[in-house]
Amino acid sequence: MTPGGEAAASIARLECDLAAARAEVGRQRVTVKQKAPDEARAELAQQIGRTLGLVQDDTSPDLAALTQQLAAEQQQHAKQTAAELAVYRAAAGAAPDALLDSRAVAAAVADLDPTDTAAVQAAITEAHKAKPRLAAAPAGPARSGGEPGQSLTMPGKPAPAPRYEPFPGGDCDDWPGRRRWDAFKVPKV
C-alpha cells in the first residue's frame, strides 16, 4: 500500500470507530433516560423510609413489611379513635376533653373494648373519683336581658325617640353629627 492509501484506510477506520462510539453513547443516553425515573422513585422511597425510621441506611425497603406496618398503625389509630368516641358518648357529668387529656384515662380506655359502654363508664367514674377536676364545669349564668324583640325600657315609660334619622331625605350632607368641610377652611390672611 501506498502511504496515501494507508492514511485513507486509517481515516476510514477511525470514522467507522467514531460512528460506532457515537451510536454506543446514544444507546447509553437512552438507557440512562429510561432508568432515571425508576432510580428517582427508589431513592425517594429510601429517603421516606429513613425519615420515618422504617428503613436502615444500608438496606432497601421491603414493600411487604412497610405495608404491614402501615396497616398495623392504621388499625391502632382506628381503635384509639373509637375509644375517644366512646369516652365522649359516656362522659355524662364529666368533661370529655379533660378526660381525654388525662393520661391515666387514656391508658385505661385504650385497653377496653369501645363497644363495652359499662366498662368505659366505669373507667370514667374511677378517673372522676381520683381527680374531681375532671368533672364538667358548671353551666354559665342564665341569659341576661329581655326576650328578643322586647324593649329594654322601664315599665310604664315610653321608649325614647331616636335622636335622628340616619339620612333624612336621602342627603348625607345634612346628617346630624357630620361636620361640614366649610368649618375646616382656613381663613385667608
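Here, every reference points to the structure presented above.
Quantities reported herein were computed from a predicted structural model and do not represent experimental measurements.

A word on the overall build of the protein chain. When helices and strands are tallied, the protein chain shows five helices and zero strands. The 189 residues of the protein chain split such that 10% are buried. Considering only contacts in the protein chain between residues 6 or more positions apart, those separated by 24 or more positions represent 40%. As displayed, the protein chain offers around 15,700 Å² of accessible surface, 58% of which is attributable to carbon and sulfur atoms.

Here helix α5 (residues 117-130) spans 20 Å end to end across 14 residues, near enough to the 20 Å set by a 1.5 Å rise per residue. Those residues of α5 that sit buried are Ala119, Val120, Ala123, Ile124 and Ala127. Buried residues in α5, looked at end-on, bunch into an arc of 140 degrees, giving them a common side. Turned more than 90 degrees away from the buried face of α5 sit Thr117, Ala118, Glu126 and Lys129, all of them exposed. On its buried face, α5 is in contact with α2 (63-90), α3 (96-101) and α4 (103-110).

This part takes up the pattern of salt bridges. Enumeration according to the criterion identifies three salt bridges in this entry. Between aspartate 38 and arginine 41 there is a salt bridge; the shortest N-O distance is 2.9 Å. One end of the pair, aspartate 38, and the other, arginine 41, are both in helix α1 (residues 3-52), three residues apart, so they sit about a helical turn from each other. A relative accessible area of 48% places aspartate 38 in the partly exposed class.

About the thresholds
- Residues numbered from 1 in each chain as written.
- Predicted model: local features only at pLDDT ≥ 70, side-chain atom pairs only at ≥ 80, totals over all residues.
- Heavy atoms only, no water.
- Helix = DSSP H or I, 4+ residues; strand = E, 2+ residues; numbered from the N terminus.
- Buried < 20%, exposed > 50% of the residue type's maximum accessible area, 1.4 Å probe, protein only.
- Contact = heavy atoms within 4.5 Å.
- Areas by Shrake-Rupley, 256 points an atom, 1.4 Å probe, with all protein chains shown as cover.
- Expected span 1.5 Å × (residues − 1).
- Arc of directions from axis to C-beta.
- Salt bridge = Lys/Arg side-chain N within 4 Å of Asp/Glu carboxyl O.

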